[in-house]
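In case you want the letters, here they are:
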Amino acid sequence: MSEGQTKLAGIQPEAEIKAEDVFEPHVLAKYDPEVVQYVLKTRAAGMPAQHEFRIEDIRADPARFAPPWSKDVTGWERVIDGEVTSEDGAKIPIKIYHPDPAQFGESPYGLHLNFHGGGFVLGDLNTESQLCLSMRDGAGVVVIDVNYRHCPETIWGKCVQDGWAALIWARESAASLKINPDSISIGGISAGGHISLILQHMARDAGIPLKLCLATVPPSTDSLLYKDYTESPFTSFHEFANGPILPWARMKFFGEQCFPENRVDETLQMWPEWWIAPLKAKNWTGLCDTFIRTGECDPLRDEGEAYGLKLVEGGNKVTMKRYIGSPHTFAYLDWFKKKHEYDADTIAALKQAHGVP
């Protein structure tokens with residue numbers, strides 16, 4: 001929420017806040033000073049913790065709760081809207097970004113499918129538009145951003161079916177999309193990264209070649225089902241459970257939307273166990289190349305890296321990078337030097353995967 005949005009919401013600025021008021025000592029010692037100042041500034045502006053927002057309020061006024069990096073690029077040059085049909089007939093909105101032929105030559109191009117973050121609850125086609133533009137303009141690939149269905153309005157797991165439908169549709173529409181159907185990569189941040197991990201296995205099982213899985217800060221366990229953060233076997237989940245960005249309270253909020261108590265059994269029966277916790281997948285061989293990126297100060301750091309190690313054990317090609325001092329949302333923070341490093345890494349990885357000179 002921007003400064004203007006906090007005023008619109010009637011939030012009153014607080015008195016001067018010190019780092020010690022917000023950060024536990026062991027957390028403060030690891031956070032990048034740039035991010036510390038950002039957190040203190042937002043707290044001083046009077047912005048409440050995100051887990052205090054009610055889902056009803058968010059749905060009633062999405063613009064009010066949109067993150068500052070959200071941007072509507074509808075109507076921009078070489079950006080078009082479309083939709084794909086999911087397995088159950090639902091229409092899934094997508095945004096298609098085409099590279100500039102004057103810079104990257106004529107088609108066919110490689111394709112990257114993007115799935116946004118937001119705990120399977122939040123986000124839309126504005127959330128990662130600037131990241132999609134960066135990938136298109138930097139790597140010369142077509143980017144399709146997929147607005148999969150969210151919880152609690154839709155039962156968890158439909159998001160995976162929506163992502164799969166987008167992948168199949170893109171391959172079948174290669175000619176009209178001006179893409180090479182054998183040069184496709186997938187990726188996403190957080191929940192979107194989780195979806196990408198599942199699709200990576202599904203594509204292998206279906207014999208669909210993928211050039212790269214580009215998963216950033218992905219959850220890979222069933223943490224949305226936890227009753228308490230102490231259930232996690234991973235150190236980072238405990239270490240940053242009370243941090244200012246993606247604390248346990250925030251994750252619990254997402255869990256309550258995705259797996260409400262009255263639908264837990266139904267949801268668990270609908271999908272394979274490893275969809276909910278990709279670390280529990282049975283077959284780790286023959287998977288596409290993977291680039292996993294984590295933030296040092298992210299509760300999900302260790303489980304994302306654990307997934308990468310399982311890929312290594314399965315004989316797959318894996319690159320992993322931990323961005324030091326970075327919280328869960330670092331890839332969105334345009335003023336943050338690690339975000340700029342992240343963007344450069346993304347472009348380099350996509351160019352290599354798709355053979356773009």
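Residues numbered from 1 in each chain as written. Predicted model: local features only at pLDDT ≥ 70, side-chain atom pairs only at ≥ 80, totals over all residues. Heavy atoms only, no water.

Colleague: How should the overall build of the protein chain be read in this particular structure?
Modeller: Helices and strands together make up the secondary structure of the protein chain, namely 17 helices and 8 strands. Its C-alpha atoms give the protein chain a radius of gyration of 20 Å, within 12% of the compact-globule value 21 Å for 357 residues. Considering only C-alpha atoms, the protein chain reaches an extent of 60 × 45 × 35 Å along its principal axes. In the protein chain, once contacts between residues fewer than 6 apart in sequence are set aside, the share between residues at least 24 apart is 75%. Accessible surface for the protein chain amounts to roughly 15,100 Å². Of this, 51% is attributable to carbon and sulfur atoms. (Helix = DSSP H or I, 4+ residues; strand = E, 2+ residues; numbered from the N terminus. Rg over C-alpha atoms; globule rule 2.2 N^0.38 Å. Contact = heavy atoms within 4.5 Å. Areas by Shrake-Rupley, 256 points an atom, 1.4 Å probe, with all protein chains shown as cover.)

Colleague: In this structure, what is going on with the sheet that holds strand E8 (residues 318-323)? I would like to understand it.
Modeller: Across a sheet, strands are paired by hydrogen bonds formed along the backbone, either parallel or antiparallel in direction. If you trace the 8 strands from one edge of the open sheet to the other, you get E1-E2-E4-E3-E5-E6-E7-E8, paired in mixed fashion. Unpaired on one side and paired on the other, strand E1 (79-85) and E8 mark the two borders of the sheet. Sheet twist, expressed as the mean angle between neighbouring strand axes with direction ignored, is 20°. Where strand E3 (residues 109-115) lies against strand E5 (residues 179-189), 6 bridges are found, and the strand directions are parallel. The partner of Leu 111 across the bridge, within E5, is Ile 184. (Pairing = 2+ DSSP bridges. Axes fitted to C-alpha atoms, helices over the stretch in contact; angles between N-to-C directions.)

Colleague: Please explain the environment of Gly 82 as it appears in this structure.
Modeller: Following the sequence through the fold, Gly 82 ends up in strand E1. Along the primary structure Gly 82 and Pro 93 are separated by 11 residues, whereas in three dimensions their C-alpha atoms are 6.0 Å apart.

Colleague: Looking at this model, I keep getting lost on helix H17 (residues 337-354). Mind explaining?
Modeller: Count 3.6 residues to each turn of an α-helix, and residues three or four apart come out pointing the same way. The first and last C-alpha atoms of H17 sit 26 Å apart over 18 residues, in line with the 26 Å expected at 1.5 Å per residue. Within H17 the residues assigned to the buried category are Lys 338, Lys 339, Tyr 342, Asp 343, Asp 345, Thr 346, Ile 347, Ala 349, Leu 350, Ala 353 and His 354. Where H17 is buried, its residues touch E3, helix H8 (129-139), E5, strand E6 (212-216), strand E7 (290-295) and E8. Gly 355, located one to two residues past H17, shows a positive phi value of around 70°. (Expected span 1.5 Å × (residues − 1). Buried < 20%, exposed > 50% of the residue type's maximum accessible area, 1.4 Å probe, protein only.)

Colleague: I tried to follow the pairing of E8 on my own but got confused; where do I start?
Modeller: For a regular strand, side chains alternate in direction, first toward one face of the sheet and then toward the other. Bridge analysis of E7 against E8 gives 6 bridges, and the strand direction is parallel. Looking at E8, one finds that Phe 291 is bridged to Thr 319. Tracing the backbone out of E7, into helix H16 (residues 301-313) and back to the parallel element E8 gives a crossover that is right-handed. (Right-handed = clockwise from strand over helix to strand, strands pointing away.)

Colleague: Even after reading the chapter, I still don't get the packing of aromatic side chains, so can you show me in this structure?
Modeller: We describe a pair of aromatic rings using the distance from one ring centre to the other and the angle between the two ring planes. Scanning the model with the defined rule gives 15 aromatic pairs in all. Look at Trp 335 and Phe 336: their rings are 5.8 Å apart centre to centre, the planes differ by 50°, and that puts the pair in the tilted class. The partly exposed category is assigned to Trp 335, whose relative accessible area is 35%. Aromatic rings pair up to connect Tyr 38, Trp 335 and Phe 336 into one cluster. Residue placement shows Arg 293 over the ring face of Phe 291; its charged tip is 4.7 Å from the ring centre. (Phe/Tyr/Trp six-rings, centres within 6.5 Å; stacked < 30°, edge-to-face > 60°. Lys NZ or Arg CZ within 6 Å of the ring centre and 35° of its normal.)

Colleague: Even after reading the chapter, I still don't get unusual backbone geometry, so can you show me in this structure?
Modeller: Glycine aside, a negative phi is what most residues show, and trans is what most peptide bonds show. Residue Pro 108 is bonded to the preceding Ser 107 through a cis peptide linkage, with omega at 10°. Positionally, Pro 108 belongs in the loop between helix H7 (101-104) and E3. Here the bond from Cys 151 into Pro 152 is cis, since omega is 5°, no more than 30 degrees from zero. With respect to the element layout, Pro 152 can be found in the loop between strand E4 (142-146) and helix H9 (158-172). Phi is positive for Phe 120, close to 65°, though the residue is something other than glycine.

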